[in-house]
Amino acid sequence: GGALIPLIAMGIPGSVIDAILIGALMIHAIQPGPTLFLNNPEIVYAMIAACLLANILMYVIMTSSVGKIAQLMYVPRAYVLPPILVFCVIGSFALNNLFFDVWIMLGFGVFGYFLERSNVPLGPFVIGFVLAPIAERNLRAGLMMTDGDFSPILTRPLPLVFVIVSVVLLFWPFYKDWQKARKNNVEG
């Protein structure tokens, strides 16, 4: 529920589920963001009402069945994974009635497996996969306004702030690792 706030207000998905939801909204020609309240207020209020109703129902259902749900943890993976794989194959084939989509789904499944084994978080990858076409479209529109000149990104104050914040956030984990290694070397 909380991740819906940036999606509805700014058009930025706050979770993997919201990344899928933004794709579904765009398929129906609904642009999430500030104009969503003006152009489609019924969708916004329907989403808010659905979240409220879902929370009430989940409270009732979960408190009454928490013991049975906890027992699902002991179901062997050999019984759970085959039906999941079958539904994934059916869903990817049903999208365009092409077996090529099934191969793409399986390829990304293997890729996701190796990412998971390498301890690479999948959420940012999915969000980036959904946001890349949107960012590319907006970059293309911006470059058309400046006749292909990239310099306004670095010379105008607001884009420059976003570039600086992006660079800092990109290198922050490396800096923290370097700082931790330096501290360990000084102590050791």
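Scroll up to find the structure this text is about.
Described in the following lines is the structure provided in the data block.

Calculation criteria
- Residues numbered from 1 in each chain as written.
- Predicted model: local features only at pLDDT ≥ 70, side-chain atom pairs only at ≥ 80, totals over all residues.
- Heavy atoms only, no water.
- Salt bridge = Lys/Arg side-chain N within 4 Å of Asp/Glu carboxyl O.
- Helix = DSSP H or I, 4+ residues; strand = E, 2+ residues; numbered from the N terminus.
- Buried < 20%, exposed > 50% of the residue type's maximum accessible area, 1.4 Å probe, protein only.
- Phe/Tyr/Trp six-rings, centres within 6.5 Å; stacked < 30°, edge-to-face > 60°.
- 1 Å grid on protein atoms, 1.4 Å probe; cavity = no way out; pocket = protein on both sides within 12 Å on 5 of 7 lines; lining within 4 Å.
- Points joined across faces, edges and corners; volume = space filled by probe spheres on them.
- Nonpolar A, V, L, I, M, F, W, Y, C, P; charged D, E, K, R; others polar.
- Expected span 1.5 Å × (residues − 1).
- Arc of directions from axis to C-beta.

### Considerations on the pattern of salt bridges
And step 1. Tallied over the full model, the rule gives one salt bridge.
And step 2. The residue Glu136 makes a salt bridge to Arg140 at a minimum N-O spacing of 3.1 Å. Within this pair, Glu136 and its partner Arg140 are both found in helix 7 (residues 122–145), separated by four residues, close to a single helical turn.
And step 3. By relative accessible area, which is 44% here, Arg140 ends up partly exposed.

### Examining the packing of aromatic side chains
And step 1. Under the criterion given, the structure shown has six aromatic pairs.
And step 2. Note on Phe99 and Trp103: the rings are 5.9 Å apart at their centroids and 75° apart in plane angle, and the pair reads as edge-to-face. One end of the pair, Phe99, and the other, Trp103, are both in helix 6 (residues 99–117), four residues apart, so they sit about a helical turn from each other.
And step 3. We classify Phe99 as partly exposed; its relative accessible area is 47%.
And step 4. Considering the side-chain rings of Phe171 and Phe174, the 6.3 Å spacing of their centres and the 50° angle between planes classify their relative orientation as tilted. Taken together, the positions of Phe171 and Phe174, both in helix 9 (residues 157–187) and three residues apart, correspond to about one turn of that helix.
And step 5. For Phe174, a relative accessible area of 55% puts it in the exposed group.
And step 6. Here the aromatic cluster, defined as three or more aromatic residues joined through ring pairs, consists of Trp172, Tyr175 and Trp178.

### Section: the environment of Leu98
And step 1. Considering the arrangement of structural elements, one finds Leu98 in the loop between helix 5 (77–96) and helix 6.
And step 2. Judged by relative accessible area, which is 43%, Leu98 ranks as partly exposed.

### Things to note about the layout of surface pockets
And step 1. Approximately 920 Å³ is the volume found for the largest pocket.
And step 2. Lining the largest pocket are 26 residues, with Cys88, Met105, Phe108, Gly109 and Val126 positioned closest to its centre.
And step 3. Counting only elements with at least two residues in the lining of the largest pocket, the list comes to helix 2 (16–27), helix 5, helix 6 and helix 7.
And step 4. It is helix 6 that contributes the most residues to the lining of the largest pocket, eight residues altogether.
And step 5. In terms of residue class, the lining of the largest pocket is built from 20 nonpolar, four polar and two charged.
And step 6. Residue lining of the second largest pocket: 13 residues in total, with Asn138, Leu139, Ile153, Pro159 and Phe162 positioned closest to the centre.
And step 7. Those elements that place two or more of their residues in the lining of the second largest pocket are helix 7, helix 8 (151–155) and helix 9.
And step 8. With five residues, helix 7 is the largest single contributor of residues to the lining of the second largest pocket.
And step 9. Class assignment for the residues of the lining of the second largest pocket results in eight nonpolar, three polar and two charged.

### Notes on helix 2
And step 1. Taking 1.5 Å per residue, twelve residues should reach 16 Å; helix 2 reaches 17 Å between its end C-alpha atoms and fits that length.
And step 2. Three or more residues of helix 2 are buried, namely Asp18, Ala19, Ile22 and Leu25. Mapping the buried residues of helix 2 onto a view down its axis gives an arc of 120°, with all of them on the same face. In helix 2, the exposed residues that point more than 90 degrees away from the buried face are Ile17, Ile20 and Ile27.
And step 3. Positive backbone phi, approximately 60°, marks Ala29, located one or two places after helix 2.

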